[in-house]
Amino acid sequence: MPYLDVAATAPVRREVLEAMAPFLTTEFGNPSSHHELGERAASALEWARARVAEVLGSRPREIVFTSGGTESNNLAIKGISLANPRGRHILTTPIEHPSVLESCAYLERFHGFTVEHVPVDGDGLVDTVALERMLRPDTTLVSVMLANNEVGTVQPLAEIGATTRAAGVPLHSDAVQAAGWLELRLAGAGGDGLPVEALTLAGHKLGAPKGVGALFVSGRIPLEPLVHGGGQEGGRRSGTENVAGAVGFATALTLAEAERPARAEEARKSRDVFIATILSALPGARLTGHAEARLHGNASFCFEGTSGEAVLLELERRGIVCSSGSACAAGSDEPSPVLVALGIDPALAQTAVRFTFAATTPGPHLLEAAESVIESVRIVQGIAPR
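Only a predicted model underlies this, so the values are computations on that prediction, with no experimental measurement involved.

A.B. asks: What's the story with unusual backbone geometry in this structure? I'm lost.
C.D. replies: Peptide bonds are mostly trans, and most non-glycine residues show a negative phi. With a phi close to 55 degrees, Glu-233 is a non-glycine residue in the positive phi region. We classify Glu-233 as buried; its relative accessible area is 4%.

A.B. asks: Which parts of the structure should I look at to understand the sheet that holds strand S4 (residues 139-143)?
C.D. replies: Strand pairing within a sheet occurs via backbone hydrogen bonds; the two strands may be parallel or antiparallel. Strand order in the open sheet formed by seven strands is S1-S7-S6-S5-S4-S2-S3, and the pairing between neighbours is mixed. The sheet terminates laterally at strand S1 (63-66) and strand S3 (114-117), the two strands that pair on one side only. Strand-to-strand, the axes of this sheet are offset by a mean angle of 20 degrees, without reference to chain direction. Packed onto the sheet, helix H2 (residues 36-56) meets S1, strand S6 (198-202) and strand S7 (213-217) and runs at close to 120 degrees relative to S1. On the sheet, helix H4 (residues 98-111) packs against strand S2 (89-92), S3, S4 and strand S5 (171-174) and is oriented at approximately 160 degrees with respect to S2.

A.B. asks: Help me understand the packing of aromatic side chains, please; the structure alone is not making it clear to me.
C.D. replies: In this description, a pair of aromatic rings is defined by centroid distance and the angle of the planes. Enumeration according to the criterion identifies six aromatic pairs in this entry. Pairing Tyr-106 with Phe-110 gives two aromatic rings, centres 5.4 Å apart and planes at 40 degrees, and the pair type is tilted. In this pair, Tyr-106 and Phe-110 both sit in helix H4, four residues apart, roughly one turn of the helix. Among the residues examined, Tyr-106 registers a relative accessible area of 28% and is labelled partly exposed. Here Phe-274 and Phe-301 contribute two aromatic rings whose centre-to-centre distance is 6.5 Å and whose plane-to-plane angle is 55 degrees, an arrangement assigned as tilted.

A.B. asks: Where do I start with the pairing of S4 in this structure?
C.D. replies: Every regular strand shows the same layout, with side chains that alternate between the two sheet faces. Burial analysis of S4 places five of its five residues in the buried class, which makes it a mostly covered element. One ladder, built from three bridges, connects S2 with S4; its direction is parallel. When the sheet's bridge partners are listed, Leu-91 is paired in S4 with Val-142. Note on the crossover from S4 through helix H6 (residues 157-167) to S5: the handedness is right-handed.

A.B. asks: Could you clarify how one ought to interpret the pairing of strand S9 (residues 298-303) in this entry?
C.D. replies: Burial of S9 is extensive: six of the six residues sit out of reach of the surface. Burial of S9 is two-sided: the residues Asn-298, Ser-300 and Cys-302 facing one way and the residues Ala-299, Phe-301 and Phe-303 facing the other way are all buried. Looking at chain direction, strand S8 (residues 285-287) and S9 are connected through three bridges and run antiparallel. Along S9, the bridge assignment pairs Leu-287 with Phe-301. Judged from the five bridges that link them, S9 and strand S10 (residues 352-356) form a sheet pairing that is antiparallel.

A.B. asks: Got a minute to help me understand helix H8 (residues 308-317) in this structure?
C.D. replies: At 3.6 residues per turn, the α-helix brings residues three or four places apart onto the same side. What H8 keeps buried is the set Gly-308, Val-311, Leu-312, Glu-314 and Leu-315. The buried residues of H8 occupy one face: seen down the axis, they fall within an arc of 165 degrees. Exposed residues on H8 whose side chains face more than 90 degrees from its buried face are Leu-313, Glu-316 and Arg-317. Looking at the packing, one finds that the buried side of H8 touches S10 and helix H11 (363-381). Gly-319 sits one or two positions beyond H8 and adopts a positive phi of about 85 degrees.

A.B. asks: How should I be thinking about the sheet that holds S10 in this particular structure?
C.D. replies: One open sheet holds the three strands; their spatial order is S8-S9-S10, and the pairing between them is antiparallel. Because the sheet does not close on itself, it has two edges, and the strands there are S8 and S10. With strand direction ignored, the average angle separating the axes of adjacent strands in the sheet is 25 degrees. Against the sheet, helix H7 (residues 243-281) engages S8, S9 and S10, with an angle of about 10 degrees to S9.

A.B. asks: Is there a simple way to explain the pattern of salt bridges in this structure?
C.D. replies: Any two side chains of opposite charge can pair, so long as their charged atoms come close to each other. Counted under the stated rule, the structure contains 23 salt bridges. Glu-54 is the salt-bridge partner of Arg-51, the closest N and O atoms lying 3.2 Å from each other. Of this pair, Arg-51 and Glu-54 both sit in helix H2, separated by three residues, roughly a single helical turn. Take Arg-51: its relative accessible area is 23%, and that puts it in the partly exposed class.

A.B. asks: Sorry if this is basic, but what is going on with the nonpolar core here?
C.D. replies: Proteins that are soluble and globular tend to have nonpolar side chains buried together. Core analysis: the biggest nonpolar cluster contains 86 residues, and Phe-274, Phe-303 and Phe-355 have the highest contact counts within it. Among the elements that take part in this core, H7 stands out by supplying twelve residues, more than any other. Ignoring anything within four residues of it in the chain, the contact list for Phe-355 reads Leu-4, Phe-274, Gly-297, Asn-298, Ala-299, Phe-301, Phe-303, Leu-315, Cys-322 and Val-373. Among the nonpolar cores identified, the runner-up in size contains 17 residues, and Ile-80, Leu-141, Leu-215 and Leu-223 belong to it.

A.B. asks: Which parts of the structure should I look at to understand the packing of H7 against H11?
C.D. replies: In helix packing, the relevant descriptors are the interaxial angle and the interaxial distance, both defined with respect to the helix axes. Where H7 contacts H11, the two axes come as close as 9 Å, and the packing angle between them is 25 degrees. The orientation of H7 relative to H11 falls into the category roughly parallel. In the packing of H7 onto H11, the handedness of the crossing is right-handed. Contact residues: H7 offers Ser-270, Val-273, Phe-274, Thr-277, Ile-278 and Ala-281, while H11 offers Gly-363, Leu-366, Leu-367, Ala-369, Ala-370, Glu-371, Val-373, Ile-374 and Arg-378. Taken together, the residues of the contact of H7 with H11 sort by class into ten nonpolar, three polar and two charged.

So, how was this worked out
- Residues numbered from 1 in each chain as written.
- Predicted model: local features only at pLDDT ≥ 70, side-chain atom pairs only at ≥ 80, totals over all residues.
- Heavy atoms only, no water.
- Buried < 20%, exposed > 50% of the residue type's maximum accessible area, 1.4 Å probe, protein only.
- Pairing = 2+ DSSP bridges.
- Helix = DSSP H or I, 4+ residues; strand = E, 2+ residues; numbered from the N terminus.
- Axes fitted to C-alpha atoms, helices over the stretch in contact; angles between N-to-C directions.
- Contact = heavy atoms within 4.5 Å.
- Phe/Tyr/Trp six-rings, centres within 6.5 Å; stacked < 30°, edge-to-face > 60°.
- Right-handed = clockwise from strand over helix to strand, strands pointing away.
- Arc of directions from axis to C-beta.
- Salt bridge = Lys/Arg side-chain N within 4 Å of Asp/Glu carboxyl O.
- Core = buried A, V, L, I, M, F, W, Y, C linked by side-chain atoms within 4.5 Å.
- Parallel < 35°, antiparallel > 145°, perpendicular 65-115°, else oblique.
- Left-handed = near helix turned anticlockwise from the far one by under 90°.
- Nonpolar A, V, L, I, M, F, W, Y, C, P; charged D, E, K, R; others polar.

Written out as structure tokens, the structure is:
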């Protein structure tokens, strides 16, 4: 049976391990050291930075390597807001990753910012009309994720970015879940692509190890560092760089982008069959998130008359690993704030189960998994024997 919790973390790819191996063994130099071993480490780090920049269509110096998506989100939101604010007003949405929402809350508590949440509809799509109306002359930053980590809804970032650019407000987007599934090319002056001034990525969703990520920040945007010290990463993130992690991240991102055009569409077809099979067999099942504008590898449901945790346990008995929502909310017995923001009743939100799979997951395996989901839900509902 397939592993269906890729949104939490993906297995490390063999190609990534092989690329990292020299920098965990013989090529162990500090990239700040001025000798041959250190210079080779520095060259590897800049190779990784150039590869990430190539995928995004940015300049290498606009890439900051971090410890992952959470740090990148913190650096983008706090760093941009504190460096050169137009005012102390931030717009975001109620369905962002906790690292975005908590960074905004920090600025509100300790730096006097006002944070407003742009509403979303029942499918999780941002109300772009409301966003335009809520922009103010003192708005310093807008942060809207590209694709939601729980329900998979993909936001109309081109439209949102056109609005923020017209207002002269920087746009940050958490693209952690979108990487490997969606086009990440950045918009140039008036060109196609993502019209953002900052973009967050994380390695462990792509087949790189946990503990490495990257942040794109436009060269024209001032950024106050979170970590001060020796001035590494162009002064934006001090500390001895994780060379092996950066090489692994760049390798994973490059591979994912090269494979994306061919594999994403096949994954979408398999996802749609998976969803249709479950919805047709379980009348009480409800798909959460947008039916079409969603990540290719995401299928998320509420199963009326169940407990999401009970369904998870029943599925695990059958060898299927999935989750009840964001891994960053693991252990919480509260209903998902994302689902509540979509207007789902808190009691129904407690029945949520999320299935996320890789582009390489075979369609027949997903169909087998769908049958196991149907059986498990019926057992938890008490309408089928164990």
